[in-house]
Amino acid sequence: MSARSLSLSLSLPRSIEELLRRSPVLFVAAAAHVALLVVLLAVAPLDARLVMGVNPWIKPAKFAASIAIYLLTINWLVGDVALPPRGRRAVVWGTVGLVSFEMIAIAAQAARGVASHFNQSTLFDGAVFALMGIAILVNTALAAYLAYRFWTTRPPLPAPYLWGIRLGLLVFLLACAEGGFMSAHNAHSVGVADGGPGLPVVNWSTRGGDLRIAHFFGMHALQAVPLVGYWLSARASGSAPRTRRATRWVIAFGIGYGAVALALFVTALAGRPLLRM
């Protein structure tokens, strides 16, 4: 992939065309989650119920947006690395099936007016949370397989972009592990109960530590770090010295991004909020 093609493919029509070429299945699944997001945002104002102090449809709406972004990211990445046919099918169909199951579970629990995560109040609720955990674990394994392919092969990509993908996947997987820590902790708050005062929209605690902050930030390394590598690759214009310099910048950015995610995790463990209000 040349620097010129990197620059040109940033246009929206070309990007959509390219995503469809790489994996129609992942693209359609992402589009379905965007449509679901619109529906959930329309439903939310019509429901006066609260779950842990928040409209029950806000959480599934946030997950619909996040899953759509994740599907589009995997959609792009599967076209940047060689995968054996069975491995490709596992990543594509496995990712779609697993995240869709998680979305259905979260939306169904919202419809019931109960929490989807860390909910052990009944046998059914505990089973739903356990099955969601299994789905997330398997999905993480698929992402780890994709990371393995990027780290152990040399796709024909500009070095800054390739290192952006590698480091983005690595930080993403560490954030997934932090999500497992949250599940073991059976709560996302530290020092206070879940469901207290929080920041608008994201509802991150303003009274105690909140493990979701590091989880959110680390998960989106999957988009942020490769995008920086993508942008710097286009700016390098094929020049070897510029490419080497851009690669160093991407590696530094990826390490710095991971360090910030770690700092957010340590801050939450100490019971300190991101913003005290």
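Reading the values: rules and limits
- Residues numbered from 1 in each chain as written.
- Predicted model: local features only at pLDDT ≥ 70, side-chain atom pairs only at ≥ 80, totals over all residues.
- Heavy atoms only, no water.
- Helix = DSSP H or I, 4+ residues; strand = E, 2+ residues; numbered from the N terminus.
- Buried < 20%, exposed > 50% of the residue type's maximum accessible area, 1.4 Å probe, protein only.
- Lys, Arg positive; Asp, Glu negative; His and termini not counted.
- Salt bridge = Lys/Arg side-chain N within 4 Å of Asp/Glu carboxyl O.
- Contact = heavy atoms within 4.5 Å.
- 1 Å grid on protein atoms, 1.4 Å probe; cavity = no way out; pocket = protein on both sides within 12 Å on 5 of 7 lines; lining within 4 Å.
- Points joined across faces, edges and corners; volume = space filled by probe spheres on them.
- Phe/Tyr/Trp six-rings, centres within 6.5 Å; stacked < 30°, edge-to-face > 60°.
- Lys NZ or Arg CZ within 6 Å of the ring centre and 35° of its normal.
- pLDDT = per-residue confidence, 0-100.
- Patch = residues over 30% accessible without salt bridge, like charges linked within 9 Å, V, L, I, M, F, W, Y side chains within 5 Å.
- Areas by Shrake-Rupley, 256 points an atom, 1.4 Å probe, with all protein chains shown as cover.

Draft legend 1. View of the side chain of R149. Checked against the element boundaries, R149 lands in helix α6 (residues 123-152). One buried charge, R149, has no salt-bridge partner; the nearest side chain with opposite charge is D80, at 13 Å. Residues within four places of R149 in sequence aside, it is in contact with V81, A82, L83 and P84.

Draft legend 2. Quick look at empty space enclosed by the protein. Inspection of the entire model under this criterion finds 1 cavity of 30 Å³ or more. For the largest cavity, the calculated volume is near 40 Å³. As for the largest cavity, its lining consists of H188, S189, V192, A193, D194, G195, G196, P197, N203, S205, D210 and R212.

Draft legend 3. Examining the packing of aromatic side chains more closely. For the structure shown, the criterion picks out 9 aromatic pairs. Ring centres 5.6 Å apart and planes at 20 degrees place the aromatic pair Y70 and F172 in the stacked group. Of this pair, Y70 sits in helix α4 (residues 58-77) while F172 sits in helix α7 (residues 159-185); the two residues are 102 residues apart in sequence, bridging distant segments of the chain. Each member of the pair, Y70 as well as F172, is classed as buried. On the numbers, 5.5 Å between centres and 85 degrees between planes, the contact of F181 with F265 is edge-to-face. With F181 in helix α7 and F265 in helix α10 (residues 240-269), the pair connects residues that are 84 residues apart, well separated along the chain. By way of ring pairs, the aromatic residues W76, Y161 and Y230 are connected into one cluster. One residue, R166, lies across the ring of W151, its end atom 5.7 Å from the ring centre. R166 extends its terminal NZ or CZ atom over the ring of W163, reaching a point 4.9 Å from the ring centre.

Draft legend 4. Inspection of the confidence of the model for the protein chain at higher detail. Confidence in the prediction for the protein chain averages 92 pLDDT; 96% of positions are at 70 or higher. For the protein chain, per-element mean pLDDT is lowest for helix α1 (residues 3-8), which scores 45, and highest for helix α3 (residues 24-43), which scores 98. Across residues 1-5 the pLDDT falls below 50, and counting only partners more than four positions away or on other chains, this stretch makes 10 contacts in the model.

Draft legend 5. Summary view of the environment of L19. Assignment of secondary structure puts L19 in helix α2 (residues 12-22). Expressed as a C-alpha distance, the spacing of L19 and N75, which sit 56 residues apart in the sequence, is 6.3 Å. Dropping the residues within four chain positions of it, L19 is found in contact with P24, F27, L72, N75 and W76.

Draft legend 6. Broad picture of a nonpolar patch on the surface. Residues F101, L131, I134 and V138 make up a contiguous nonpolar surface patch of about 340 Å² in total accessible area. Broken down by element, the nonpolar patch gets its largest block of residues, 3 residues, from α6. Inspection of the secondary structure assignment puts L131 in helix α6. On the accessibility criterion, L131 (46% relative accessible area) is partly exposed.

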